[in-house]
Each structure stands twice: as structure tokens, then as C-alpha cells.
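Structure assessment
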Amino acid sequence: MPVHTPAVEDYLKAIYDVGRSEENVTTSALAERLDVSPASVTGMVKKLAGMKLVTHERYYGVTLTTAGRRIAIEVIRHHRLVETYLHEALGVPWDQVHAEAEKWEHVLSEDLEARMDAALGHPTNDPHGAPIPTVTLELVEPDWPPLARLDAGVIAVVAEVSDDDPDLLRYIGGLGLYPGTGFEVISAAPYNDGPVTVRLLDGEQSGAEHAVGHRAAAHLFVKDIA
């Protein structure tokens, strides 16, 4: 892909990420996500629109063009592939790889990307369970529900954990709730933002019961629900 500044790539990735959970990607949502002023977002959005990477309509928010989405997905591929390499090849804990990948994603060459991919055996998911875009930049983001929505008696498997909060990852890891771990919901208290209590069905802590705080349960996504 053409060379763009890290700032441009960060904005495109943020627009993609916010768009996964919100119907309209507003400048205020981007300002919060990127921790910058709304005025800075407005200026950058105008620049991106001039580069034909986004469109911006009042009441409809910011939308990636085909070219903008392609750049965003390639940055995401770099990010998730680097996270996987750091974790699997170098043994970096899963709560530390995100910050490093944020730096590498902007400078990773296509040759090194291909070598990492081959060395890892062409992985399909990163250490946090998120899908890694293919080399042809195809990406399907599954619509997995969060643990916070499950009712007592449900059996499921951890699919993905949000990767941008190291404290959250350390907390989830301490409970043994890594991607691929099966569990049963013992009790849930969703109406007062209470915890969800689960019993692990496999892994090193198989049989253990843990009360997962509401905030953590909202950022832990599940699949294979029965």
C-alpha cells in the first residue's frame, strides 16, 4: 500500500474500530478514542476526505472509503501479526504485546510481514482471539456477544478479549479465561452491574469458580454458546 504517516493510519484504524460498535462514527467518538481534541479530529477528517480515504456527512459521521478501509485493515493485520509473533516467538506476555505492536504496525515491511507470517505457520487469530486479516486483506469480524450478556446455566467458550487495556488482560489472565477456554455461567447479576460467576471447564484452572466484574465481562467475548 502507499506510504502514509502513522497519524493517518491511526485515524483510519480508529474509524474502523469505532465503526464496529457504533452506527455513526462521530468526531467526538474519535476524539475520545484517540485522546485528542475534537478540533484536531475535524482537521484530520478534512485531510483524510481530501485524500479520498473517508467521507464525512453531517448526521452520518465518518465512513471509510474502499481505499481507506484497505489501509486500515492492513495496519490491523500488521498489528495482530506482530502481537502474535511477540507472544509466541519471543514469549512476551499477552498484556504487553499491544503497546509494542502499536509501534511496529507503522514500520513493518512487507518482506518482514511475510517472514513473520510463515514462521508462525500463518496464524488466523492473535493472542487475544481477534482474527488476523489474510494476506489479501480479507477480514471477517465475528459478532460475538460479551460475557456480560449471558444468563446462568449457559455454557460457552472464550473467543476474544479486548487488547488495549493491560490491567484488564492481567485480570482476565489471572482468572484463566484465555481464548479457547470453556466455562459455565453459574450466576449473573446484569441489572445492577454486578459480576458474572463462571466455572471453568478446562485449562489449568479447570473446575475453579470466579466472579468476573461487570467491566471485564463487557470486554470478554464468547462463542459456541450452548
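Residues numbered from 1 in each chain as written. Predicted model: local features only at pLDDT ≥ 70, side-chain atom pairs only at ≥ 80, totals over all residues. Heavy atoms only, no water.

1. Thoughts on the nonpolar core
Within the largest apolar cluster, 26 residues are counted, with the highest numbers of intra-cluster contacts made by Leu12, Ile15, Leu30, Leu48 and Val54. For this core, the secondary-structure elements that each account for two or more residues are helix H1 (6–21), helix H2 (27–34), helix H3 (38–50), strand S2 (61–64) and helix H4 (66–88). Leaving out residues up to four positions away in the same chain, valine 54 has contacts with Leu12, Ile15, Val45, Leu48, Ala49, Val62, Thr63, Leu64 and Thr65. Membership of the second largest hydrophobic core comes to 23 residues, among which are Leu175, Val196, Val212 and Ala216. (Core = buried A, V, L, I, M, F, W, Y, C linked by side-chain atoms within 4.5 Å. Buried < 20%, exposed > 50% of the residue type's maximum accessible area, 1.4 Å probe, protein only. Helix = DSSP H or I, 4+ residues; strand = E, 2+ residues; numbered from the N terminus. Contact = heavy atoms within 4.5 Å.)

2. Let's talk about the sheet that holds strand S7 (residues 220–223)
In a beta sheet, neighbouring strands are held together by backbone hydrogen bonds and run either parallel or antiparallel to one another. Spatially, the five strands line up as an open sheet ordered S6-S5-S4-S3-S7, and their pairing is antiparallel. Looking along the sheet, the strands with just one partner apiece sit at the ends: strand S6 (209–212) and S7. Strand-to-strand twist across the sheet, computed as the mean angle between neighbouring axes with direction ignored, equals 45 degrees. In terms of strand pairing, strand S3 (residues 155–161) meets S7 through four bridges, oriented antiparallel. What sits directly across from valine 157, in S7, is lysine 223. (Pairing = 2+ DSSP bridges. Axes fitted to C-alpha atoms, helices over the stretch in contact; angles between N-to-C directions.)

3. Concerning helix H5 (residues 97–104)
Spacing of three or four residues puts side chains on the same side of an α-helix, whose turn is 3.6 residues. When H5 is considered as a whole, its buried residues turn out to be Val97, His98 and Ala101. Each buried residue of H5 lies within a common arc of 95 degrees when the element is viewed along its axis, so the set occupies one face. For H5, the elements touching its buried residues are H4. (Arc of directions from axis to C-beta.)

4. Let's talk about the packing of H1 against H3
In the contact formed by H1 and H3, the axes pass within 11 Å of each other and the chain directions differ by 95 degrees. Between H1 and H3, the angle is such that the two are roughly perpendicular. Residues Ala7, Val8, Tyr11, Leu12 and Ile15 of H1 form the contact with H3, whose participating residues are Ser40, Val41, Met44 and Leu48. Each residue belonging to the contact of H1 with H3 can be placed in one class, and the counts come to eight nonpolar, one polar and no charged. (Parallel < 35°, antiparallel > 145°, perpendicular 65-115°, else oblique. Nonpolar A, V, L, I, M, F, W, Y, C, P; charged D, E, K, R; others polar.)

5. Thoughts on the pairing of strand S4 (residues 182–188)
Pairing geometry for S3 and S4, over three bridges, is antiparallel. Considered in S4, the bridge of valine 157 is made with glycine 182. One ladder, built from five bridges, connects S4 with strand S5 (residues 196–200); its direction is antiparallel. Bridge pairing in S5 places alanine 188 opposite valine 196.

6. Comments concerning the domain arrangement of the chain
Segmentation of the chain into domains returns domain 1 (6–64), domain 2 (77–141) and domain 3 (147–223). Between the C-alpha centres of domain 2 and domain 3 the distance comes to 24 Å. If you look at the interface, domain 2 gives ten residues, while domain 3 gives 13 residues. Between domain 2 and domain 3, the buried area comes to about 870 Å², and carbon and sulfur atoms account for 60% of it. Of all residues in domain 2, Trp94, Asp95 and His128 bury the most surface against domain 3, accounting for 67% of the area lost on that side. For the pair domain 2 and domain 3, the number of links is one salt bridge. Here arginine 170 makes a salt bridge to aspartate 95, at a shortest N to O gap of 2.8 Å. (Domains from an automatic or database assignment. Buried area = accessible area lost by both parts, 1.4 Å probe. Salt bridge = Lys/Arg side-chain N within 4 Å of Asp/Glu carboxyl O.)

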